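# Fold and geometry: a report
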Amino acid sequence: MMELKHQAVRKAYGIAIDGVLKYINKDREKNLLKMVDISEKFLGDIFREESYESARSLIRDRDGKWMQYVNRALDELNPHVIKVSALNLGFESAFGGYKKSLEMEKKHQCNIPWIILMDPTSACNLHCTGCWAAEYGHRMNLTYEEMDSVITQGKEIGIYFYMYTGGEPLIRKEDIISLCEKHKDCAFHAFTNGTLIDEEFCREAVRVGNLSFSLSLEGFEEVNDGRRGGGTYQKVMAAMDLMKKYGLLFGTSICYTSHNIEEVSSDEFLDIIIEKGCRFTWYFHYMPVGNDASEELLPSKEQREYMYNRVREIRGKEGGKQIFAMDFQNDGEFVGGCIAGGRRYCHINPNGDVEPCVFIHYSGANIREKSLLECLKQPLFLEYRKGQPFNNNHLRPCPMLENPEYLKEMVSRTCAKSTDMQSPEEVEHLCGKCARYSREWEPAAEELWEQRKEKKMEKVI
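This report concerns the structure included in the present document. Here the structure is a predicted model, which is why all the values come from computation and not from measurement.

Reading the values: rules and limits
- Residues numbered from 1 in each chain as written.
- Predicted model: local features only at pLDDT ≥ 70, side-chain atom pairs only at ≥ 80, totals over all residues.
- Heavy atoms only, no water.
- Buried < 20%, exposed > 50% of the residue type's maximum accessible area, 1.4 Å probe, protein only.
- Helix = DSSP H or I, 4+ residues; strand = E, 2+ residues; numbered from the N terminus.
- Arc of directions from axis to C-beta.
- Contact = heavy atoms within 4.5 Å.
- Pairing = 2+ DSSP bridges.
- Right-handed = clockwise from strand over helix to strand, strands pointing away.
- Phe/Tyr/Trp six-rings, centres within 6.5 Å; stacked < 30°, edge-to-face > 60°.
- Polar contact = N/O pair within 3.5 Å; in protein donor to acceptor, adjacent residues only side chain to side chain.
- Core = buried A, V, L, I, M, F, W, Y, C linked by side-chain atoms within 4.5 Å.
- Axes fitted to C-alpha atoms, helices over the stretch in contact; angles between N-to-C directions.
- Left-handed = near helix turned anticlockwise from the far one by under 90°.
- Nonpolar A, V, L, I, M, F, W, Y, C, P; charged D, E, K, R; others polar.
- Expected span 1.5 Å × (residues − 1).

Moving on: helix 15 (residues 379-387). Taken together, the buried positions of helix 15 are occupied by Leu380, Phe381, Glu383 and Tyr384. Along helix 15, the residues classed as buried sweep out an arc of 155 degrees about the axis, all on the same side. Where helix 15 is buried, its residues contact strand 8 (345-348), strand 9 (354-355), strand 10 (362-363), helix 14 (372-376) and helix 16 (404-414).

Here it is as structure tokens:
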């Protein structure tokens, strides 16, 4: 009965979205405000009341930066992609799925993630310097049936958002599209180097409507190709042109290091990717994962502080750029610190090992031996649950990078094993590479955190 009611509400929400999109160009402000009203009605208290009011204020500010951003998206994105994204990412995942996952957490006394990342394959057509995925080797794959089983089990406990990492996930294009077709109520996202995107695949992605993308870039052509290989930058630019032509939803995935941090956050770089059709950019702090990983690439405390301020400038209500920038390491304050270990996400590698994080390759459970729920109850994940947040300063969220003593203790207590099939890395070695960085970042993080708290108090007063 509850499932039938849910499907009826989903159908009604879909009809409402169709109605708004049909007349969106006749009076955008009126119809976008109607969309907010409809969302508030259907999504209810999943978002705070002030969030809906903020959305209405944004829409009424016709000349504002974010209204211009919305207008560009409406002009350039395929209507089917917009509708399916709103239904699957908004209604199904953020509303119905999230509520169900909270119920399951209480019932099973373990973390239930909002997102599952999984690697269809360890194979890749590139071999980028410092890539954590390259540590796995090139001979492992999750079968279609295994990925289908993870998604099927996940939906039973409220998980409707799945991200593909790798390796290069688009080596498995046909399986990815098939999974999108079978699980029409889920949202899917692929982190890709972009070199395998062609017209046929773009047409298929539009047809299913529930697949979005993050394309990897490390800077302009010289810097990017120095890490990823000659000609890669131009292939990514061509892929963006194709995806924009077909109205697909995509952005960039950028690993910032001590060598490229200013370049990838520059106005010139952002202007290029915005013009190419990117709606968002993920910034990921370099992690020294793997026995041969270079500590030299870790940003200095000054560079990280710069990134903290720069990302907030980019996405500010005024100024900045018309792109939504997210910093996986510096935005911990918005999600309550570390989100790994199933708290908001976890990672399944191409060997089936269920890991707490894409950057932390230790596990005590495998989907080929246990159910997904049993894997989420593995000792390492339960230790994450007990320890989160690992630091009350959410600018120091990670149990590896900023609090390396925690990861070392958790892996030791649970006897979790390294999941690196080529060169297993002892947790003491990994955490040892983070110790100096952690010490140097701590005073800067404390100062920034105090400044942030003072600003919040000023707003309240």
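Next comes the rest of the description.
Below, the discussion takes up the pairing of strand 7 (residues 324-327). Note: strand 6 (residues 280-285) against strand 7, 4 bridges, orientation parallel. Residue threonine 281 lies in a different strand from strand 7, and its bridge partner there is alanine 325. With helix 13 (residues 301-314) bridging strand 6 and the parallel strand 7, this β-α-β connection has right-handed handedness.

Under the criterion given, the structure shown has 17 aromatic pairs. Relative to phenylalanine 328, the ring of phenylalanine 284 has its centre 5.4 Å away and its plane inclined at 40 degrees; by these criteria the two rings are tilted. Within this pair, whereas phenylalanine 284 is found in strand 6, its partner phenylalanine 328 is found in the loop between strand 7 and strand 8, the two being separated by 44 residues in sequence. Judged by relative accessible area, which is 14%, phenylalanine 284 ranks as buried. With a relative accessible area of 27%, phenylalanine 328 lands in the partly exposed category. Summarising the aromatic geometry, the rings of phenylalanine 390 and tyrosine 406 are spaced 5.6 Å apart at their centres and angled 55 degrees between planes, so their arrangement reads as tilted. Residue phenylalanine 390 is located in the loop between helix 15 and helix 16, and its partner tyrosine 406 is located in helix 16; the two are separated by 16 residues in the primary sequence. Ring pairing ties together the aromatic residues Phe191, Trp282, Phe284, Phe328, Tyr345 and Phe359, which thus form one cluster.

Relative to the helices and strands, threonine 257 resides in the loop between strand 5 (250-256) and helix 11 (261-264). Overall, the relative accessible area of 10% leaves threonine 257 in the buried class. A distance of 3.0 Å separates a polar atom in the side chain of threonine 257 from the backbone nitrogen of histidine 259. Apart from the residues lying within four places of it in its own chain, the contact partners of threonine 257 are Tyr286, Leu297 and Pro299.

In this structure, Phe213, Tyr283 and Leu407 are the most contacted members of the largest nonpolar core, which totals 115 residues. Looking at which element gives the most residues to this core, the answer is helix 17 (residues 427-460), with 10 residues. If we skip the residues at most four places from it in the chain, tyrosine 283 touches Ile254, Tyr256, Val264, Ser265, Leu270, Met307, Val311, Ile314, Ala325, Met326, Asp327 and Phe328. With 22 residues, the next largest nonpolar core counts Val20, Leu32, Leu33 and Ile82 among its residues.

Attention now goes to the environment of leucine 102. In this structure, leucine 102 sits in helix 5 (residues 79-108). Once the C-alpha coordinates of leucine 102 and proline 113 are considered, the two residues, 11 residues apart in sequence, prove to be 9.4 Å apart.

It is worth spelling out the sheet that holds strand 1 (residues 115-118) at this point. Strands pair in a sheet through their backbones, by hydrogen bonds, and they do so in one of two ways: parallel or antiparallel. Reading across the sheet, the 9 strands line up as 7-6-5-4-3-2-1-8-9 and stay open at both edges, with mixed pairing between neighbours. Of all the strands in the sheet, just strand 7 and strand 9 have a single pairing partner and so form its edges. Both strand 5 and strand 6 contribute to a ladder of 5 bridges, which runs parallel. Paired with tyrosine 256 across the bridge in strand 6 is histidine 285. With respect to the sheet, helix 10 (residues 232-245) is in contact with strand 4 (211-216) and strand 5, its orientation differing from that of strand 4 by roughly 155 degrees.

A packed helix pair is summarised by two numbers, namely the angle formed by the two axes and the spacing between the axes. Two numbers describe how helix 6 (residues 144-156) lies on helix 7 (residues 173-182): the axes approach to 11 Å, and their chain directions differ by 35 degrees. Considering only the axes of helix 6 and helix 7, their crossing is right-handed. Counting all contacts with helix 6, which are made through Tyr144, Met147, Asp148 and Ile151, the residues of helix 7 involved are Asp175, Ser178, Leu179 and Lys182. Split into classes, the residues belonging to the contact of helix 6 with helix 7 amount to 4 nonpolar, 1 polar and 3 charged.

For helix 2 (residues 28-43), which comprises 16 residues, the first-to-last C-alpha distance of 22 Å matches the rise-based estimate of 22 Å (1.5 Å per residue) to within 8%. Among all positions in helix 2, only Arg28, Asn31, Leu32, Leu33, Met35, Val36, Ile38, Ser39, Phe42 and Leu43 are buried.

It is worth stressing that arrangement in space is one thing and function is another; only the former is reported here.
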